[in-house]
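# Analysis of the macromolecular model
Single-letter residue listing:
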Amino acid sequence: MSFAPTCNRDSWIKRQALMNKVRTFFEARGVLEVETPVLSNAGGTDPQLDYFEVEGGHYMMTSPEFHMKRLLASGFGDIFQITKSFRKDESGSHHNCEFSMVEWYRVGMPQEKLMDEVEALVSEIIGQPIHARRTRWIDAFREYAGVDPFCESMDNFVCACNERAIPVPEGPERMSREDWWDYLMVFAVEPALAKNGPEFILDYPQSQAALAQTYVGEDGHTWARRFELFVDQVELCNGYTELTDAAEQRRRFDADLEIRRQMGKPLPRKDENFLAALESGMPACSGVALGLDRLFMLALGKNEIKDVILFPSPIA
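Overview of the structure.

Attention shifts here to the pattern of salt bridges. If the charged atoms of two oppositely charged side chains come close together, the side chains can form a pair. Counted by the stated rule, this structure contains 25 salt bridges. A salt bridge links Glu65 to Lys69, with the nearest nitrogen and oxygen atoms 2.7 Å apart. Of the two residues, Glu65 and Lys69 are both situated in helix 2 (residues 65-73); the distance of four residues between them amounts to about one turn of the helix. Where Asp203 meets Arg136, a salt bridge forms, and the shortest distance between an N and an O atom there is 3.1 Å. With Asp203 in strand 8 (residues 199-205) and Arg136 in strand 7 (residues 133-136), the pair connects residues that are 67 residues apart, well separated along the chain. Since its relative accessible area comes to 25%, Arg136 is described here as partly exposed. Overlapping salt bridges, with partners in common, bring together Arg29, Asp78, Arg106 and Glu117 in one network.

Put into structure tokens, the structure is as follows:
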């Protein structure tokens with residue numbers, strides 16, 4: 001068994017130089033660096049994320065979001081944080097259970113301006129300007145998967161797979177509409193994104209709003225003010241126009257917990273401190289979390305995340 005790191009010394013030196021660039025980027029814009037706990041009394045409720053629970057009823061944070069929003073509600077203004085986050089059972093060429101991210105919030109900044117800032121940061125770290133297309137989620141499905149995600153017949157999803165030589169999942173009749181959305185996003189939409197260069201996907205369905213504000217579009221559907229950036233088929237970030245309504249956030253937490261119960265997943269405690277912060281009045285803002293390991297992987301021309309991490313989870 002090898003004891004050596006998977007990232008060599010030369011790559012690590014380059015990574016550290018890039019990390020310094022990230023800090024300089026925010027310092028130059030007057031954004032305050034903060035540091036919040038990675039061990040918390042409460043956890044996130046997202047049914048798609050699994051967390052580490054430690055003895056004593058504490059949780060390793062999947063994101064610093066709740067603590068940072070408590071700072072926003074306390075008058076800290078524009079803030080950023082470079083931190084470790086933890087997500088259970090995540091491994092692969094672009095995943096690791098323990099990973100580095102930068103998360104930041106801009107008070108009073110529209111989501112579109114925050115997307116501009118994401119572009120600027122990624123351009124700075126990669127070393128060349130990116131000019132990402134901006135495509136609504138529904139248009140990405142129509143263009144890249146060849147199907148209307150709100151189609152009347154679920155058979156249309158099967159047809160979309162057959163037309164693109166994508167394997168049809170076993171038991172398609174048991175799949176919900178959202179199951180199909182997830183499946184086609186991974187096997188049809190995301191692979192197609194790489195062919196067009198950097199691309200933002202924005203305006204997600206209401207069911208995928210998470211902690212984002214929503215609005216009713218001209219088509220009658222409710223959309224989340226949420227965006228993700230894809231570069232070379234790598235999802236780099238997830239951002240929102242942040243939800244500030246405490247009652248709506250509590251309702252979403254309860255709905256998430258019910259889904260987790262039906263899935264047989266653990267039920268974390270709701271973060272009442274975070275909800276209290278919303279109730280006190282969190283300022284209108286936009287926020288985003290960006291995976292630094294993935295960004296550094298792209299910047300250094302590496303194919304796998306282990307090439308920019310010293311000891312990934314399998315050998316940690």
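Read on, since the account is not over.
A separate point is the packing of helix 5 (residues 155-163) against helix 6 (residues 177-193). Two elements in contact, helix 5 and helix 6, have axes whose closest approach is 10 Å; the angle formed by their N-to-C orientations is 15 degrees. The angle between helix 5 and helix 6 places the two elements in the roughly parallel class. The two elements helix 5 and helix 6 meet at a crossing, and its hand is left-handed. Note on element contacts: helix 6 touches helix 5 through Arg177, Trp180, Trp181, Tyr183 and Leu184, opposite Phe157, Val158 and Cys161. Per-class residue counts for the contact of helix 5 with helix 6 are seven nonpolar, no polar and one charged.

Another point: the sheet that holds strand 4 (residues 58-60). Taken together, three strands build an open sheet; the order of strands is 2-4-3 and the sheet is antiparallel. Where the open sheet ends on each side, the last strands, each with one partner, are strand 2 (39-40) and strand 3 (53-54). Bridge analysis of strand 2 against strand 4 gives two bridges, and the strand direction is antiparallel. What sits directly across from Ser40, in strand 4, is Tyr59.

Once that is clear, we can look at the environment of Thr241. Within the fold, Thr241 resides in strand 11 (residues 234-241). When the C-alpha positions of Thr241 and Asn196 are compared, they lie 26 Å apart, and in sequence the two are 45 residues distant. Every residue in contact with Thr241, bar those within four places of it in the chain, is listed here: Gln111, Leu211, Ala212, Gln213, Arg225, Cys285 and Ser286.

Taken as a whole and assessed by the stated rule, the structure comprises 17 aromatic pairs. Ring centres of Tyr51 and Tyr59 lie 5.2 Å apart, and the angle between their planes is 80 degrees; this geometry places the pair in the edge-to-face category. No difference in accessibility class separates Tyr51 from Tyr59, as the two residues are buried. Both rings, one in Phe200 and one in Phe227, keep their centres 5.7 Å apart while their planes meet at 80 degrees; by these two values the pair is edge-to-face. Of this pair, Phe200 sits in strand 8 while Phe227 is found in strand 10 (residues 222-231), placing the two residues 27 residues apart along the sequence. Here the two residues Phe200 and Phe227 agree in accessibility, since each one is buried. Joined through ring pairs, the aromatic side chains of Trp137, Phe141, Phe150, Trp181 and Trp223 make up one cluster.

So, on to the environment of Ile138. Note on placement: Ile138 falls in helix 4 (residues 137-145). Residue classification places Ile138 among the buried residues on the basis of a relative accessible area of 3%. Taking the C-alpha atoms as reference, Ile138 lies 36 Å from Glu53; in sequence the two are 85 residues apart. Not counting the four nearest positions on each side in its chain, Ile138 is found in contact with Asp148, Pro149, Phe150 and Trp223.

If you look at the biggest cluster of nonpolar residues, it comprises 45 residues, and the most contacted ones within it are Trp137, Phe141, Val147, Leu184 and Val189. Of all the secondary-structure elements, those providing two or more residues to this core are helix 2, helix 4, helix 5, helix 6, strand 8, strand 10, helix 7 (246-263) and helix 8 (272-281). Excluding residues that lie within four positions of it along the chain, Trp137 makes contacts with Pro149, Phe150, Trp181, Met185, Ile201, Leu202, Asp203, Tyr204, Pro205, Gln208 and Trp223.

What counts and how
- All residue numbers here refer to positions counted from 1 along the written sequence of the relevant chain.
- Only residues with pLDDT of 70 or above have their local features reported here, since the model is predicted, and side-chain atom pairs are shown and tallied only from 80 upward, although totals for entire chains, interfaces and linings are computed over all residues.
- Values reported for side chains reflect all heavy atoms of the structure, with hydrogen atoms and water molecules removed beforehand.
- A pair is scored as a salt bridge if a Lys or Arg side-chain nitrogen falls within 4 Å of a carboxyl oxygen belonging to Asp or Glu.
- Where helices and strands are cited, they refer to DSSP runs of H or I of at least four residues and of E of at least two residues respectively, numbered from the N terminus.
- The cut-offs for exposure are 20% and 50% of the maximum accessible area for each residue type, with area from a 1.4 Å probe on protein chains only; residues under the lower value are buried, those over the upper are exposed, and the others partly exposed.
- Axis definition: a line fit to C-alpha positions, over the contact stretch in the case of helices; interaxial angles, taken between N-to-C directions, run 0 to 180 degrees.
- Here the word oblique covers every angle except those under 35 degrees (roughly parallel), over 145 (roughly antiparallel) and from 65 to 115 (roughly perpendicular).
- For any pair of crossing helices, the crossing counts as left-handed if the nearer helix is rotated counterclockwise from the farther one by less than a right angle, and right-handed if it is rotated clockwise.
- Whether two residues are in contact is decided by their heavy atoms, any of which lying within 4.5 Å being enough.
- Note that Gly is not counted as nonpolar here; it falls among the polar residues with everything else outside the nonpolar set of Ala, Val, Leu, Ile, Met, Phe, Trp, Tyr, Cys and Pro and the charged set of Asp, Glu, Lys and Arg.
- When DSSP finds two or more bridges between two strands, those strands count as paired.
- Whether two aromatic rings pair depends on their centres lying within 6.5 Å, for rings of Phe, Tyr and Trp, where Trp uses its six-membered ring; planes under 30 degrees apart make the pair stacked, over 60 edge-to-face, and the rest tilted.
- Among buried residues, those of type Ala, Val, Leu, Ile, Met, Phe, Trp, Tyr and Cys that are joined through side-chain atoms within 4.5 Å constitute a nonpolar core.

Any functional reading would require information beyond the geometric quantities listed.
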